[in-house]
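Survey of secondary and tertiary structure
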Amino acid sequence: MTDNSLSRSGKPIVLENVSRVWGDTTAVDSLSIEIEAGSFTALLGPSGCGKSTTLRMIAGLEQVSAGRILIGGADVTQKPSSQRDLSMVFQSYALFPHLSVAENIVFGLKVRRVGRAERDERLFKVASLLGLDQLLDRKPGQLSGGQQQRVALGRAIIGEKPICLMDEPLSNLDAKLRHEMRVEIRALQQQLGFTMVYVTHDQVEAITMADQVVLLNQGRLEQAAGPRQLYERPATPFAARFIGTPPMNLFPSAAFNGLTSSCDYHLGVRPEAMRLDANGPISATVRAVEYLGADVLADCVAANTSFQVRLPTSETVLPGVEVRLGFEPAALHVFDRATGHRRDDVVKEIGAELRS
Amino acid sequence: MSRMSIKREWVHGWLLLLPAMVFLFAFTHIPAVTTLINSFFSTPRGRRSAEFIGLENYQEMLTDDVFWKVLWNNLWYAIGTIPLSIALAIAMALWVNDKLAGRSFVRMAYFTPTVLPLIAVANIWMFFYTPSFGLFDQITGFLFGWPASNYLGNPETALNAIIVVTVWKEAGFFMIFYLAALQAIPVSLKEAAQIEGAGRWTVFWRITFPLLMPTTLFVGVNAVINSFRLVDHIFILTDGGPDNASALLLFYIYEVAFRFWETAYAATLTVALLVLLSLLAIGQFFFFDRKVHYK
């Protein structure tokens, strides 16, 4: 990388009970999040969960119905986006089609009347950082998707703003390019040290890039945690099934042999945590087997619950066969059926019951 | 394929083209060519048939004071109507493109003048301009105590009064094009500019207006053609008077041809008008083409 004098420090963002309501529909429902300065936070969730609305409220493009938004400790709830000192990359890139790449990148600097010498200097740095040197005179229409993406990134970072927002920036790229850009965006964020809020519906993007993942569902916060915590200790059944491919298996207690008392709970075990075990607590019938190369994915049924098991290719399972399945006690997740919350306090008790 | 069937296809093709071609030739091409030919002949009168007189009609035109006067009037009329109606059209389009209560009603209201026939419009404005009873005199008399004024009868103000009517008539029509163009501009461009710190004014001049350039070119060409083409209201409002103060080129051609029956000279004036319009259209395309961004 070239000389790095574009560095800056990020600002923290705090959302306090933020809501967005349109008539009868509540897009975002009393959401509270804390985003640390200089961190990479991913807003993750299925379509229509309110993640883009949340980002647009932080950007000041969407009115806040209730609650407060603080940036760097200052209340910005009523401020227009131009006064929030942040930059944004749009899903469609939103490049100005009539301006050249160079003009697109320095647009904000021109608006803020930064002198020509400094503008050119910063443009040179950003262009070499993103490999856009050869393309500065082109119009956005003459660029490929990946190049347009870089221009949008350049426009976002040249202003040296403490916060950068991104709204599904990689969704228009092909798989290979998406992987490259993921690495590049993460490196850029760490190098420049700004606070990143990144909206995505792709759990892989969120898990691989973010320091903190904010998982939303129907406008509500499901869980805000680091990627490891989110995978290893999901707070709700939704979080458990949203993170990980294939999703975590959730069983009623009837699926386990020798378990009678705990019908108030959902019991979760990840497919990759299960193995063939002649003494295991689950008796299941194999429905179908998918060969994935590195391992085998078996669709099974136990007590009318279908679930998936990831097995090494060395184990030969065939459709229609009865199998016994087991797992390490630490791999068990327990969720309260009534409240939907994680119940770590009863894991030991249930584990003991399964072993007996 | 045999020669016979090729020929049949050829006949079919021409038969399909025929209806449109008949009308195009009858009402556009043949009259245009005839006009050009007539401009080199004298006007036939009674038993005396038209004679070839070369460029005599053109010499007469160049020394005709009325021709220069109406040409000059037409220039002022174009300068007065085109920028004003385009600016108004953009302003109205921006206004009704925003979220506002009763938006569709306002859109319809702006478009109404376009729907009305120009003759009807002229009659309405005739009432507005009537000395002492008219709307304008009533308002200015009530508010400022101004005396009655004859806007249409005064050589100083007659052309301006007609310019006002034309702008009122045309702005709503052009607004429709701008409204369509505005709705084709993605909102995210405006949002991106806002986030970069641009105010409303900057967003308009740096983003919206440049992206409207193809529409402005189209509207501009139409407005120029209209400024030479639309003369109906002059017949109602001023009849070209007083002292040709409000006569335009096409109005003068009509007078020469169908009031004075100087058909050859009218043909000459028409050729002049055609040449002028072609030059303007070509010029506009060349001038704007470098500045217009097409998607």
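Note that the coordinates shown come from a computational prediction; the quantities given were computed from them, not determined experimentally.

As a further point, take the overall build of chain A. Of regular secondary structure, chain A possesses ten helices and 18 strands. For the C-alpha atoms alone, the extent of chain A along its principal axes is close to 75 × 45 × 35 Å. For chain A, the residues scored as buried account for 43% of the 356 residues in total. Considering only residue pairs separated by 6 or more positions, chain A has 66% of its internal contacts joining residues 24 or more positions apart.

Looking only at helices and strands, chain B features 13 helices and zero strands. Along chain B, helices and strands appear, N-terminal first, in the series α-α-α-α-α-α-α-α-α-α-α-α-α. For a compact globule of 295 residues, the expected C-alpha radius of gyration is about 19 Å, and chain B comes in at 24 Å, more than 25% above that figure. Once the C-alpha set of chain B is aligned to its principal axes, its extents read approximately 75 × 75 × 30 Å. Residues classed as buried in chain B amount to 28% of the 295 residues present. When contacts within chain B are restricted to residue pairs at least 6 apart in sequence, those whose partners lie at least 24 apart make up 69%.

Take the pairing of strand β2 (residues 25-35) of chain A next. Residues and elements named next belong to chain A. Bridge count between strand β1 (residues 13-22) and β2: seven bridges; the pairing is antiparallel. Looking at β2, one finds that V14 is bridged to E34. Count of turn residues in the β1/β2 antiparallel hairpin: two residues, of which G23 carries a positive phi of about 55°.

Moving on: the UniProt feature "domain: ABC transporter" (unreviewed entry) in chain A. UniProt records the feature "domain: ABC transporter" (unreviewed entry) at residues 13-243 of chain A, using the numbering of this structure. Annotated as residues 13-243 of chain A, this span is 37% helix and 26% strand, and its ends, taken at the C-alpha atoms, are 25 Å apart.

What UniProt calls "domain: ABC transmembrane type-1" (unreviewed entry) maps, in this numbering, to residues 71-282 of chain B. Counting secondary structure, residues 71-282 of chain B comes out at 77% helix and 0% strand; the distance between its end C-alpha atoms is 19 Å.

Turning our attention to helix α8 (residues 187-195) of chain B. At 3.6 residues per turn, the α-helix brings residues three or four places apart onto the same side. Of the residues making up α8(B), those classed as buried are L189(B), E191(B), A192(B), A193(B), Q194(B) and I195(B). Buried positions along α8(B) lie against α1 (51-59) and β6 (86-89) of chain A together with α9 (200-211) of chain B.

What follows is about the sheet that holds β1(A). All names here are of chain A. Across the sheet, which stays open at both edges, the four strands sit in the order β2-β1-β4-β5 with antiparallel pairing between neighbours. Of all strands in the sheet, those with a lone pairing partner are β2 and β5 (74-75), marking the two edges. One ladder, built from two bridges, connects strand β4 (residues 66-71) with β5; its direction is antiparallel. Paired with L70 across the strands is D75, a residue of β5.

Here we come to the nonpolar core. Counting residues in hydrophobic clusters, the biggest one holds 130 residues, and the most contacted among them are L165(A), Y198(A) and V214(A). At twelve residues, the largest contribution of residues to this core is made by helix α7 (residues 158-184) of chain B. For V214(A), the residues in contact, after removing those within four places along its chain, are I33(A), T41(A), A42(A), L43(A), L44(A), L221(A) and A224(A). Counting residues in each nonpolar core, the second largest holds 23 residues, with A284(A), C300(A), L311(A) and V323(A) among its members.

Another point: the domain arrangement of chain A. Assigned domains of chain A: these are domain 1 (13-235) and domain 2 (245-355). Taken over C-alpha atoms, the centre of domain 1 of chain A sits 39 Å from the centre of domain 2 of chain A.

Residue and element names in this part refer to chain B. Taking the numbering used here, the UniProt-annotated feature "transmembrane region" (unreviewed entry) corresponds to residues 75-96, 108-128, 158-182, 203-225 and 264-288. Between the C-alpha atoms that bound residues 75-96 the distance is 31 Å, and the span itself is 100% helix and 0% strand. End-to-end, the C-alpha atoms of residues 158-182 are 36 Å apart, and along that stretch the chain is 100% helix and 0% strand.

Here the focus is the confidence of the model for chain A. Mean pLDDT over chain A: 89, with 96% of residues reaching 70 or higher. Throughout residues 1-7 of chain A the model reports pLDDT below 50, and contacts reaching past four residues in sequence, or to other chains, amount to eleven contacts.

All names here are of chain B. Looking at where F67 falls in the secondary structure, it is placed in helix α3 (residues 65-97). Remark: the alpha-carbon pair of F67 and S104, spanning 37 residues in sequence, is separated by 45 Å. Residues contacting F67, with those up to four places away along its chain left out, are M61 and L269.

Further remarks concern the environment of G141(A). Mapped onto the elements, G141(A) comes out in the loop between α4 (116-130) and α5 (145-158). Residues G141(A) and R182(A) lie 41 residues apart in sequence; the distance between their C-alpha atoms is 23 Å.

All names here are of chain A. Strands sit in the order β6-β7-β8-β3-β9-β10 across an open sheet of six strands; the sheet is mixed. Only two strands of the sheet have a single partner each, and these edge strands are β6 and β10 (220-225). Here the strands of the sheet are splayed against their neighbours by 15° on average, with no regard to which way each runs. When β6 meets strand β7 (residues 163-167), the two strands line up parallel, connected through four bridges. Looking at the pairing, S87 lines up with C164 of β7.

Residue and element names in this part refer to chain A. With omega at -10°, the peptide bond leading from T245 into P246 counts as cis. Unusually for a residue other than glycine, S30 sits at a positive phi of about 45°. Along the chain, S30 turns up in strand β2. Residues other than glycine seldom take positive phi values, yet E168 does so here, at roughly 40°. Positionally, E168 belongs in the loop between β7 and α6 (175-192). In this structure E168 comes out as buried when scored by C-beta crowding, with 20 C-beta atoms within 10 Å.

Here we take up the pairing of β10(A). Residues and elements named next belong to chain A. Sheet topology note: the strand β9 (residues 212-217)/β10 ladder contains five bridges and is antiparallel. Bridge pairing links L216 to L221 in β10. Joining the antiparallel neighbours β9 and β10 is a turn of two residues, in which Q218 adopts a positive phi near 50°.

Right, let's talk about the confidence of the model for chain B for a bit. In low-pLDDT regions, the fine details of the predicted coordinates are not to be read closely. Residues at a pLDDT of 70 or more form 98% of chain B, whose mean pLDDT is 87. Across the interface, the model reports ipTM at 0.82; the global pTM reads 0.79.

All names here are of chain A. By the element assignment, A288 lies in strand β14 (residues 282-291). Of the residues examined, A288 has 11 C-beta atoms within 10 Å and is grouped as exposed. Taking the C-alpha atoms as reference points, A288 and G320, separated by 32 residues in sequence, lie 7.9 Å from one another.

Parameters and conventions
Residues numbered from 1 in each chain as written. Chains lettered and ligands numbered in written order. Predicted model: local features only at pLDDT ≥ 70, side-chain atom pairs only at ≥ 80, totals over all residues. Helix = DSSP H or I, 4+ residues; strand = E, 2+ residues; numbered from the N terminus. Buried ≥ 20, exposed ≤ 12 C-beta atoms within 10 Å, placed from the backbone. Contact = placed C-beta atoms within 7 Å. Rg over C-alpha atoms; globule rule 2.2 N^0.38 Å. Pairing = 2+ DSSP bridges. UniProt positions renumbered as here; feature names shortened; annotations may be inferred. Core = buried A, V, L, I, M, F, W, Y, C linked by C-beta atoms within 7 Å. Domains from an automatic or database assignment. pLDDT = per-residue confidence, 0-100. Axes fitted to C-alpha atoms, helices over the stretch in contact; angles between N-to-C directions.

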